[in-house]
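Here is how the chains run, residue by residue.
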Amino acid sequence: MPAKEQELKDVYMTKSGESIRFAHGTYVITQVYGKKHCDLTLNNVEQYEMFEDRKDENKDVDVTFTTQEGEKFDGKLDVKTVNRENEQRNVVELESKEEIAQQA
């Protein structure tokens with residue numbers, strides 16, 4: 001089954017419950033050795049500075065995200081990219097470091 005990019009509904013920090021505000025986001029879930037991993041791309045992220053700090057400090061982010069289909073996942077993600085070159089976009093890319101968990 002090839003991985004397919006799909007739409008995100010919302011993303012929030014797992015521990016604090018803080019909502020990540022973004023205009024548009026996508027996710028891709030892949031299977032690696034039978035374990036689910038994901039990549040998230042968030043556009044027009046208001047809190048891009050927080051992600052930039054985490055990237056600079058090489059710290060993970062614990063997030064929960066909901067898909068447009070209503071599925072929820074938790075995971076520890078690595079901040080792969082924070083792009084501020086185009087101030088209208090503020091793109092943040094996250095990737096899972098370990099298996100993500102699907103909530104019931």
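Everything here concerns the structure above.
In this report, the structure presented in the accompanying data block is examined. (Residues numbered from 1 in each chain as written. Predicted model: local features only at pLDDT ≥ 70, side-chain atom pairs only at ≥ 80, totals over all residues. Heavy atoms only, no water.)

Some thoughts on the overall build of the protein
Link 1 in the chain: The helix and strand tally for the protein stands at one helix and eight strands.
Link 2 in the chain: The globule rule puts the C-alpha radius of gyration for 104 residues at 13 Å, and the 13 Å found for the protein is close to it.
Link 3 in the chain: C-alpha atoms of the protein, sized along the principal axes, occupy 35 × 25 × 25 Å.
Link 4 in the chain: With 104 residues in all, the protein has 36% of them scored as buried.
Link 5 in the chain: A separation threshold of at least 6 residues defines the contact pool for the protein, and within that pool the share at least 24 residues apart is 55%.
Link 6 in the chain: Of the roughly 6400 Å² of accessible surface on the protein, 40% is carried by carbon and sulfur atoms.
Link 7 in the chain: A gap of 3 Å separates the mean positions of the 15 positive and 23 negative side-chain charges of the protein. (Helix = DSSP H or I, 4+ residues; strand = E, 2+ residues; numbered from the N terminus. Rg over C-alpha atoms; globule rule 2.2 N^0.38 Å. Buried < 20%, exposed > 50% of the residue type's maximum accessible area, 1.4 Å probe, protein only. Contact = heavy atoms within 4.5 Å. Areas by Shrake-Rupley, 256 points an atom, 1.4 Å probe, with all protein chains shown as cover. Lys, Arg positive; Asp, Glu negative; His and termini not counted. Charge placed at Lys NZ, Arg CZ, Asp CG, Glu CD.)

Describing a negative patch on the surface
Link 1 in the chain: A surface patch of negative charge is lined by E5, E7, E69 and E71.
Link 2 in the chain: Positionally, E71 belongs in the loop between β5 (61-67) and β6 (72-83).
Link 3 in the chain: Of the residues examined, E71 reaches a relative accessible area of 33% and is grouped as partly exposed. (Patch = residues over 30% accessible without salt bridge, like charges linked within 9 Å, V, L, I, M, F, W, Y side chains within 5 Å. Salt bridge = Lys/Arg side-chain N within 4 Å of Asp/Glu carboxyl O.)

Digging into the pattern of salt bridges
Link 1 in the chain: Applying the stated criterion across every chain yields a total of six salt bridges.
Link 2 in the chain: A salt bridge links E95 to K80; the shortest N-O distance between them is 3.9 Å. Of the two residues, E95 is situated in strand β7 (residues 91-96) and K80 in strand β6; the sequence distance between them amounts to 15 residues.
Link 3 in the chain: Its relative accessible area of 27% is what places E95 among the partly exposed residues.
Link 4 in the chain: Because the salt bridges share partners, they merge into one network encompassing K15, D62 and K76.

Notes on the pairing of β5
Link 1 in the chain: Within β5, seven of the seven residues are buried, which leaves it mostly tucked inside the rest of the structure.
Link 2 in the chain: Across the two faces of β5 the burial is the same, with V61, V63, F65 and T67 and D62, T64 and T66 all buried.
Link 3 in the chain: If you look at the hairpin formed by β5 and β6, you'll find four residues sitting between the two strands, and G70 has a positive phi there, around 90°. (Pairing = 2+ DSSP bridges.)

Details of the nonpolar core
Most often, soluble globular proteins have nonpolar side chains that are buried together.
Link 1 in the chain: Ranked by size, the top nonpolar core spans 22 residues in total, and within it F51 and F65 carry the most contacts.
Link 2 in the chain: Only β1 (6-13), β4 (35-43), α1 (48-56), β5, β6 and β7 provide two or more residues apiece to this core.
Link 3 in the chain: Per-element tally for this core: the top contributor is β6, with four residues.
Link 4 in the chain: In this structure F65 touches L8, D10, V11, Y27, C38, L40, E71, K72, F73 and I100, once residues within four positions along its chain are discounted. (Core = buried A, V, L, I, M, F, W, Y, C linked by side-chain atoms within 4.5 Å.)

Observations concerning the packing of aromatic side chains
Think of a pair of aromatic rings as described by two things: how far the centres are apart, and how the planes are tilted against each other in angle.
Link 1 in the chain: Under the counting rule described, the total for this entry stands at two aromatic pairs.
Link 2 in the chain: Ring geometry for Y27 against F65: centres 5.9 Å apart, planes inclined by 45°, an arrangement best described as tilted. Here Y27 is found in strand β3 (residues 24-32), whereas its partner F65 is found in strand β5, with 38 residues between them in sequence. Here Y27 matches F65 in class, with each residue buried.
Link 3 in the chain: Where F65 meets F73, the ring centres are 5.3 Å apart and the plane angle is 25°; that geometry is what we call stacked.
Link 4 in the chain: Classification of F65 by relative accessible area gives buried; the value is 0%.
Link 5 in the chain: What links up through ring pairs into an aromatic cluster is the set Y27, F65 and F73. (Phe/Tyr/Trp six-rings, centres within 6.5 Å; stacked < 30°, edge-to-face > 60°.)

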